[in-house]
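One letter stands for each residue in the lines below.
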Amino acid sequence: VRQWDAEGRFPREAIHAPLPEGLHPALRVALEQRGITRLYSHQVEAFDAARAGNQVVVTTGTASGKSLAYLLPVMQAVLDDPAARTLLLFPTKALTQDQLRGVLGLVDHLATRTDLAAPRIDAGVYDGDTPPQERTRIRDRANLVLTNPDMLHSALLPNHGRRGFAHLFRNVRYIVIDELHSYRGAFGAHFANLMRRLLRVCAHHGSTPQFLCSSATIANAREHAEALCHRDFELVDRDGSPSAGKVVHFWQPPLTAADTRRPVTEELATLLPHLIGARHRTIAFCRSRKETEIVLKESRDRLRDVAGHDESYLLAGYRGGYTPEERRAVE
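Definitions and cut-offs
Residues numbered from 1 in each chain as written. Predicted model: local features only at pLDDT ≥ 70, side-chain atom pairs only at ≥ 80, totals over all residues. Heavy atoms only, no water. 1 Å grid on protein atoms, 1.4 Å probe; cavity = no way out; pocket = protein on both sides within 12 Å on 5 of 7 lines; lining within 4 Å. Points joined across faces, edges and corners; volume = space filled by probe spheres on them. Helix = DSSP H or I, 4+ residues; strand = E, 2+ residues; numbered from the N terminus. Nonpolar A, V, L, I, M, F, W, Y, C, P; charged D, E, K, R; others polar. Expected span 1.5 Å × (residues − 1). Buried < 20%, exposed > 50% of the residue type's maximum accessible area, 1.4 Å probe, protein only.

Undergrad: Account for the layout of surface pockets, naming residues and giving values.
TA: Taken as a whole, the largest pocket holds about 1,800 Å³ of empty space. For the largest pocket, the lining is made up of 38 residues, of which I283, A284, F285, Y318 and V330 are closest to its centre. Of all the secondary-structure elements, those providing two or more residues to the lining of the largest pocket are α4 (93-112), α6 (149-156), α10 (264-277), α11 (289-303) and α12 (324-330). Of all the elements, α4 adds the most residues to the lining of the largest pocket, at five residues. In terms of residue class, the lining of the largest pocket is built from 19 nonpolar, eight polar and 11 charged.

Now the structure itself:
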């Protein structure tokens, strides 16, 4: 029975489970020191399935802890075997950097705040913004290599027989694919061939990695994962995280005198200053770089004279074409 709240939202209580029995002691202590004394049920289910040797796809709600669901078995593998490697694939550079911050937080905690002896875990981003010397360090030493499909296709796989690359592919234990639902259409077809090629290279070097995938709540997550990764998957879709409920508004641009709808860019340039003025944290998605810059400029123009002072600094653009330094500052 669905119980709606007074505002018409559908809240959900959390379903917790104790930390898995097989969790490495150092990892258990690190989680407990960070205030995590129990997990959501889907996180434990994903951990147990991964440790059992299954290919796993987790499809639960936004902010439900999917990252921890695949990070726990990945870090457990490194703590059990320091030579173990994991490839973590993300569709965008921004998401890769965001995930790196979360990974490094847990890695640094393991290294500096736990008294139990544990191998040092090294992680790094391997993409087009990574300097050559840093790429060498990541290939040689990083247990967790965060990258994207383009970099895997153009830089990692073509050089798999070279020094450093061969060591990486020989020791791959897991392949993590985040945002699985984004690989669809022509892009998804290319990605499926890329995974076939990756598995062939891993087999050439003697490794048989497991897939750990996370996806938004789509209806056919298991079938989608199996089509992309060419393996049989176990589906984890019972969301154990809590939710206060959500309200979704649909915005229809008004008609103009010519009986046409106002452009979405004009609507965004009007709506964004209003939301920023009310101090709501907001993300506006545009369909192109040009549209991003148009909305950014027009919104900032409106924010430059709010209550007698300039608030345009509260709004930033983020798109391809910015330098790595500019993107890091926005992130």
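Undergrad: If you had to explain helix α3 (residues 66-80) to someone new, which residues and values would you point to?
TA: A rise of 1.5 Å per residue sets the reference length of α3, with its 15 residues, at 21 Å; its end C-alpha atoms lie 22 Å apart and thus fit the reference within 8%. Burial analysis of α3 places 13 of its 15 residues in the buried class, which makes it a mostly covered element.

Undergrad: Report on empty space enclosed by the protein, specifying residues and quantitative values.
TA: One pass over the structure, following the stated rule, counts one cavity of 30 Å³ or more. Roughly 50 Å³ of volume is contained in the largest cavity. A46, V56, V58, A69, Y70, L212 and C213 together form the lining of the largest cavity. When residues of the lining of the largest cavity are traced back to their parent elements, those giving at least two are β3 (55-59), α3 and β8 (210-215). Residues belonging to the lining of the largest cavity are distributed by class as follows: seven nonpolar, no polar and no charged.

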